[in-house]
Amino acid sequence: MTDKSLDKALDIVSILINGGEIRKDGGSGGLYEEYAKAAEVYDIVNIIMKKLNINIYEYNYGLYITGGEGNRVFGYTNEELRKEIGVKLNRELYMCYFIMYTVMTRFYKAGNISTFTEYIKAEDVIRGTDSLLSHVLEDLKTVFSSDIEEGSFKELALTWEDMPMVITEENALRANRTSKAGFVKLTLNFMVSQGLLLEADGRYYPRDRFKALMENYYDRYKGRLYEILRGGEEDATDK
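(A) Highlighting the nonpolar core. Ranked by internal contacts, the top residues of the largest apolar core, which has 40 residues, are Ile-85, Val-103, Trp-160, Met-191, Leu-197 and Phe-210. Elements represented by at least two residues in this core include exactly β2 (54–59), α4 (78–85), α5 (90–107), α6 (122–138), α8 (147–162), α9 (180–193) and α10 (208–221). If one sorts the elements of this core by residue count, α5 sits on top with nine residues. With residues up to four places along the chain from it excluded, the contact list for Met-191 reads Met-100, Val-103, Leu-196, Leu-197 and Phe-210. By size, the runner-up hydrophobic cluster in this structure holds 17 residues, among which are Ile-22, Leu-31, Ile-56 and Ile-65.

(B) View of helix α3 (residues 39–51). Taking 1.5 Å as the rise per residue, α3 with 13 residues should run 18 Å; its terminal C-alpha atoms sit 18 Å apart, in good agreement. Inspection of α3 places Val-41, Ile-44, Val-45, Ile-48 and Met-49 among the buried residues, and these make up the whole buried set. All buried residues of α3 fall inside an arc of 130° around its axis, so they share one side. Among the exposed residues of α3, those pointing more than 90 degrees away from its buried face are Ala-39, Ile-47, Lys-50 and Lys-51.

(C) Spotlight on the sheet that holds strand β6 (residues 203–206). The antiparallel open sheet is built from three strands, whose spatial order is β4-β6-β5. Each edge of the open sheet is held by one strand with a lone partner, namely β4 (120–121) and β5 (197–200). One ladder, built from four bridges, connects β5 with β6; its direction is antiparallel. Pairing of Glu-199 across the sheet is with Tyr-204, part of β6. Against the sheet, α9 contacts β5 and β6, and its axis sits at roughly 115° relative to β5.

About the criteria used
Residues numbered from 1 in each chain as written. Predicted model: local features only at pLDDT ≥ 70, side-chain atom pairs only at ≥ 80, totals over all residues. Heavy atoms only, no water. Core = buried A, V, L, I, M, F, W, Y, C linked by side-chain atoms within 4.5 Å. Buried < 20%, exposed > 50% of the residue type's maximum accessible area, 1.4 Å probe, protein only. Helix = DSSP H or I, 4+ residues; strand = E, 2+ residues; numbered from the N terminus. Contact = heavy atoms within 4.5 Å. Expected span 1.5 Å × (residues − 1). Arc of directions from axis to C-beta. Pairing = 2+ DSSP bridges. Axes fitted to C-alpha atoms, helices over the stretch in contact; angles between N-to-C directions.

Everything listed here is a matter of geometry and, on its own, says nothing about what the molecule does.
Okay, here's the thing in structure tokens:
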């Protein structure tokens, strides 16, 4: 290991964990080239990230990171996420998790990352969530492996089903915890704040960080939620 390689690797790690960007076409293009072409720099960066329990992904000539499972320094606790999103209860937070999953299915039909949608709107997410949770209620006894799992998803589905679309027309586009549209707006606002989506005139476009996570992290860790919902996923994305 050379001092030069170590210095370059530490520069890359430092920029990424402090929220900066490393892209070939950006001000840190030289560091991207070091990561992409210098084997020693690449190896050092990945060793450090593994030790820190951070996942690093390369996408479209850029580098992106996310906290590994259980990472309390670079990830969020439930309490921190509730505050960040603007909800008060864990079940409200889980609703937002589910809506995030729906957002993924709207961009990538049936989990197929090669089938890409340019943008989505809030109403697309509402329809998708309606469809996915309807599937949950229809197949409670066949898709769940435990009573606890069944009860949790049933509560989530019924909570969503009982919610009004909007409270008033004036509040239709406002983020709140009292309507389907409000919950979707809360979730989309959070994803925008995290640099995952870009909002313009009511349309939400995926940013490269979102695509990097989808094509790497999501495909690897989609797990049980995907198993439960895959039967209704095609309906949720094609309607």
